[in-house]
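# Descriptive analysis of the structure
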Amino acid sequence: MMHDQTEILATVLRILDEVCPDRSADARRSAQASLIDDYYIDSLKVAELSLLLEEAFDASVFLPHLIASVRDPHELTVGALAEFVRSNLTVSV
Amino acid sequence: MLNPDLPFASPEIEKLLGDAASATWSVAQDPLWNRPLDIERINDVGTASLLQHIPGFTSLSVVQRNEVIYREGLYHLHNLMAGENLGVFLAAQIIRDCPNDSLDCAYFTSTILADERNHMLVLRRYLREKVGVVFSPNPALARIFDELMRENSYEVKLLASQLCLEWTAVSLISSIQFKNPEPLLRNILAAIVRDEGRHLRFNRWVFAHLTNARIAELQPRMEEMFFETTVAIVASFFAIPVWQQYGFAPDACREYALRDLRARGAMRYFTRILPRQLERCRFKSDRLIHLLETELEQRVVDAHFELHPTAIAIDERETA
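Residues numbered from 1 in each chain as written. Chains lettered and ligands numbered in written order. Predicted model: local features only at pLDDT ≥ 70, side-chain atom pairs only at ≥ 80, totals over all residues. Heavy atoms only, no water.

## Topic: unusual backbone geometry
Positive phi is not limited to glycine here, since Tyr40(A) has a value of about 50°. Of note, the phi angle at Arg282(B) is positive, near 75°, even though the residue is not glycine. One can find Arg282(B) in the loop between helix 13 (275-280) and helix 14 (286-306). On the basis of relative accessible area, Arg282(B) is assigned to the partly exposed category, the value being 32%. (Helix = DSSP H or I, 4+ residues; strand = E, 2+ residues; numbered from the N terminus. Buried < 20%, exposed > 50% of the residue type's maximum accessible area, 1.4 Å probe, protein only.)

## Focus on the interface of chain A and chain B
Chain A puts 28 residues into the contact, and the matching count from chain B is 33 residues. Across the chain A-chain B interface, the total number found is five salt bridges. Across the pair Arg276(B) and Glu55(A) runs a salt bridge whose closest N-O atoms are separated by 2.7 Å. Among the elements of the structure, helix 2 (43-57) and helix 3 (63-69) of chain A are those that each provide at least two residues to the side of chain A that touches chain B. Residue contributions to the side of chain A that touches chain B peak at 10 residues, all from helix 2 of chain A. Here the residues of the side of chain A that touches chain B sort into 16 nonpolar, six polar and six charged. (Contact = heavy atoms within 4.5 Å. Salt bridge = Lys/Arg side-chain N within 4 Å of Asp/Glu carboxyl O. Nonpolar A, V, L, I, M, F, W, Y, C, P; charged D, E, K, R; others polar.)

## A short note on the nonpolar core
By size, the foremost hydrophobic cluster in this structure holds 116 residues, and its most contacted members are Phe202(B), Phe207(B) and Trp243(B). Per-element tally for this core: the top contributor is helix 8 (residues 183-208) of chain B, with 13 residues. Not counting residues up to four positions away in its chain, the partners in contact with Phe202(B) are Ile13(B), Leu16(B), Asp104(B), Cys105(B), Phe108(B), Thr109(B), Ile112(B) and Leu158(B). The next biggest cluster of nonpolar side chains, apart from the first, holds 29 residues, and it includes Ile8(A), Val19(A), Leu49(A) and Phe84(A). (Core = buried A, V, L, I, M, F, W, Y, C linked by side-chain atoms within 4.5 Å.)

## Some points on the environment of Gln5(A)
All names here are of chain A. Relative to the helices and strands, Gln5 resides in helix 1 (residues 5-19). For Gln5, a relative accessible area of 34% translates into the label partly exposed. Dropping the residues within four chain positions of it, Gln5 is found in contact with Ala82, Glu83 and Arg86.

## Notes on the confidence of the model for chain A
One rule of thumb: low pLDDT means the predicted coordinates there are not for detailed reading. The share of residues in chain A with pLDDT of 70 or more is 95%, and the mean pLDDT across the chain is 87. Within chain A, helix 4 (residues 78-89) of chain A carries the highest mean pLDDT (94), whereas helix 3 of chain A carries the lowest (89). (pLDDT = per-residue confidence, 0-100.)

## Regarding the pattern of salt bridges
If you walk through the whole model with that rule in mind, you get 27 salt bridges over all chains. Among the ionic pairs, Arg86(A) bridges to Glu83(A), the shortest N-O distance being 2.6 Å. Linking Arg86(A) with Glu83(A), this pair stays in helix 4, spanning three residues, or about one helical turn. On the basis of relative accessible area, Arg86(A) is assigned to the partly exposed category, the value being 33%. Note that Asp195(B) and Arg198(B) form a salt bridge whose closest N and O atoms lie 2.8 Å from each other. Of the two residues, Asp195(B) and Arg198(B) are both situated in helix 8; the distance of three residues between them amounts to about one turn of the helix.

Listed below in structure tokens is the structure:
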């Protein structure tokens, strides 16, 4: 199944809303929002997000891989997550 | 023994095998091994303690609270190391028992074996050589490891060890990276996670290619082992050997830790979300969800009554 980047971002934001109902009141609902500072991602949410993204895109989306790839945790934005999902859609087994 | 002239059934697995074979494992040569640990950062290893609301905890100084959290983090790293050790021996059994009509499963699992060996050795070196604290693995985990070693089905071994135990452990531990942790530990965890991403893709492939008849045949055992593995995972959150060192009574620890896990949404995660891993592998089970919802908490408590940890942490630097 093909997904364009806008569609991927919209799905990622929808799933973040589901996993992080207690997100910051100031959180921007955009690609620039921080997963840590705006969405308060913690260890359980990492696991839940991975699974829900896999279900939504029917592909392997192993979020710890994205987390491990950044030097500064503040690089973990919604946009980076959407791009990570996109890159996984092209290589899924 | 496999005939080396057999084909690969899946070009994707053949490519993934190539990626694994050429992946560099350089963390063992990281120059940070030769430098002292960054003590300022090492206290930022863990998230809030499950005992944060127990009366004795709130009366500790900030330094002592950080020390409890740090030691809880080390306890969980020891459990991760024990899981990697199990992974080596389960992979060896899977290579022996998996289908022999193509090279895919056996040869990719040989890379899992090598990866798990690397993970175990690097975690062992970090915990013994750099940190100097040793914990026994949580007894509930040790018991499920033994059961998996006795399991007949390679598919059950693969699902319970890779998709339930390791996937959960690595997902949970990856959040350590949010805390800007001690740099060597950060590099070790990043290296482990890179390998686990490949394992996940392989596991998905295995379960996508099982026949419907095989899925039906395995369903009851999958449910049973998934449930028992989930009990062990949740039980392993209870860092009782650490808590004992600070004089907290096991009964109170169990009560407060369980309460804290509920408040964090962990019990919802383990009863409603994690079983969807099983569904992703084509084992949909309302019975399992019912079992988790009705029996998980009690089984976790029972596990601690039956298997009360006797091992106390040994600080090797202090006793040397």
